[in-house]
Structure formats: structure tokens, C-alpha cells
Amino acid sequence: TVKNNYGKEVIFHVKENPLMTKIEIEGNTKISDEMIKEQLKLKEGELFNLEFLRKDIEEVKTLYEAQGYMMVKVSIESPEKEGRVKFNISEAILEEILVTGNIKTRDYVILRELELYPGEVLSKRVLQEDLRRVYNLNYFTTLNPNFLPGNEYNHHKLLINVEERQTNGTFSFGGGYSPTTGFSLFSDLYW
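These numbers were taken from a predicted model, which means no experiment stands behind them.

Enquirer: Even after reading the chapter, I still don't get the overall build of the protein chain, so can you show me in this structure?
Expert: A tally of helices and strands in the protein chain yields four helices and 10 strands. Each helix (α) and strand (β) of the protein chain, taken in turn from the N terminus, gives the series β-β-β-α-α-β-β-β-α-α-β-β-β-β. When contacts within the protein chain are restricted to residue pairs at least 6 apart in sequence, those whose partners lie at least 24 apart make up 52%. For the protein chain, the accessible surface area stands at approximately 13,100 Å², while carbon and sulfur atoms represent 50% of it.

Enquirer: Explanation requested: the pairing of strand S5 (residues 84-90) in the structure shown.
Expert: Each regular strand displays side chains that alternate between the two surfaces of the sheet. In terms of residue burial, S5 counts as a mostly covered element, since six of its seven residues are buried. Examined bridge by bridge, strand S3 (residues 22-26) and S5 share five bridges and lie parallel to one another. By the bridge assignment, isoleucine 25 is partnered in S5 with phenylalanine 87. Relative to S5, strand S4 (residues 73-77) is paired through five bridges, and the arrangement is antiparallel. Paired with lysine 73 across the bridge in S5 is serine 90.

Enquirer: Looking at this structure, how should I read the sheet that holds strand S6 (residues 93-100)?
Expert: The strands making up a sheet associate through hydrogen bonds between their backbones, and the pairing can be parallel or antiparallel. A sheet is described by the order of its strands in space; here three strands give the open sequence S6-S8-S7, paired in mixed fashion. Each edge of the open sheet is held by one strand with a lone partner, namely S6 and strand S7 (140-149). Each strand of the sheet is rotated relative to its neighbour by a mean of 20 degrees, with strand direction disregarded. Judged from the nine bridges that link them, S7 and strand S8 (residues 155-164) form a sheet pairing that is antiparallel. Considered in S8, the bridge of asparagine 144 is made with asparagine 161. Each of S7 and S8 touches helix H4 (residues 124-135); the most contacted strand, S7, lies at about 145 degrees to it.

Enquirer: Before we go on, may I ask you to explain the pattern of salt bridges in this structure?
Expert: Between side chains of opposite charge, pairing is possible as soon as their charged atoms come close. A full pass over the atoms with the stated rule returns 13 salt bridges. Across the salt bridge formed by glutamate 96 and lysine 157, the nearest N and O atoms sit 3.9 Å from each other. A residue pair is termed long-range when its members are at least 10 positions apart, and glutamate 96 in strand S6 and lysine 157 in strand S8 qualify at 61 residues. A residue is classified by how much of its surface remains accessible, and glutamate 96, at 33% relative accessible area, is partly exposed. Three or more residues joined by partner-sharing salt bridges are found here, namely Glu24, Glu26, Glu77, Arg84 and Lys86.

Conventions and cut-offs
Residues numbered from 1 in each chain as written. Predicted model: local features only at pLDDT ≥ 70, side-chain atom pairs only at ≥ 80, totals over all residues. Heavy atoms only, no water. Helix = DSSP H or I, 4+ residues; strand = E, 2+ residues; numbered from the N terminus. Contact = heavy atoms within 4.5 Å. Areas by Shrake-Rupley, 256 points an atom, 1.4 Å probe, with all protein chains shown as cover. Buried < 20%, exposed > 50% of the residue type's maximum accessible area, 1.4 Å probe, protein only. Pairing = 2+ DSSP bridges. Axes fitted to C-alpha atoms, helices over the stretch in contact; angles between N-to-C directions. Salt bridge = Lys/Arg side-chain N within 4 Å of Asp/Glu carboxyl O.

Following this line, the structure appears as C-alpha cells:
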């Protein structure tokens, strides 16, 4: 209770932040709970701190990015009276791979070069390596990957738009005559 300059009493009700009794992590499959908890500023047995919580959400995303995973989403359930905080991690899942722009090249020629399959967590490193292998086929001048929203939360469709290299076809035809074998003809088509 404090008296102000006008003779009135002002009463402040102070409510202390809850003590952190438990930190739970859910939804992570690629990084262990222990590794994530090492990065957190919030610690069990200490008072809850909203600023630490905001930084911890960014730290978890940064940890995933450092491990090569992309588009990870982190949300939390507010601390309850008993001081429990739950981090809900949603790792980005590849739902489908779509290929556009290819006319002469079949889809399976492109898809067989990919190690990233539907149902897997999106890895930036694997995707870059996959696109490098497709480009090294030397069939395309341009590869443009793009992500479209999937049918479920944090599921994505990978759209690979390709521009095929212009190729020249050649046709060879020839023949000859030999007294021992007679006439011989050959033809060759290269596309």
C-alpha cells in the first residue's frame, strides 16, 4: 500500500511468476529432448520468465536450422498454476513432390535422383543435394523449387519447375561395299 500526493491509498497486488516445475517437449523426432533443453534459458526449478520463453522459441528454431531442417514451427502451452511449460514442435513434413515444365524428360527420371521422399522431415541439405543431382543430369537449364501448402498443418508439397535444355538431334546414314561382305548400310539417330 502506498499513499499518493492526493492522500489516496494505492494498493498494488503483486503476483509472482510461477516456479518452473516441468519443461516438456513434444513433436520432435530429429533432435532429442536433452539437446533442446540444453539450449533453453528457461530451467526447471527457476521462476518463469516470459522474455526467456520468447528467446527459447527462437533458439529451438535456430537449433533445427543449424541441423539442416527447415520450416520448423514452435508453439508453447502457457505455464499452468503448477508451472509446467510445454513446447510443441511441428517439424515440416514433405507431403508430395510435383514436377512441372518437363516435356521430353519423364517425371521418374527426375524423381529417381531425389533422396527426399514424401513423409520425411524437410532437410535443406538433402534437398540441395537432390537438386544438384537433377541439375547434373545436364537435361535442364533451370531448376526452381517452390513449396506449396499441404493438406495438413506444416505439411508441404515440393513443386520443382524445370526448364529443359534445347537439344539438337542428329541422324546419320551411310553405307559401303566390300567384295567379301557385299553392301552394308548403317543409320544412327541421336537425340
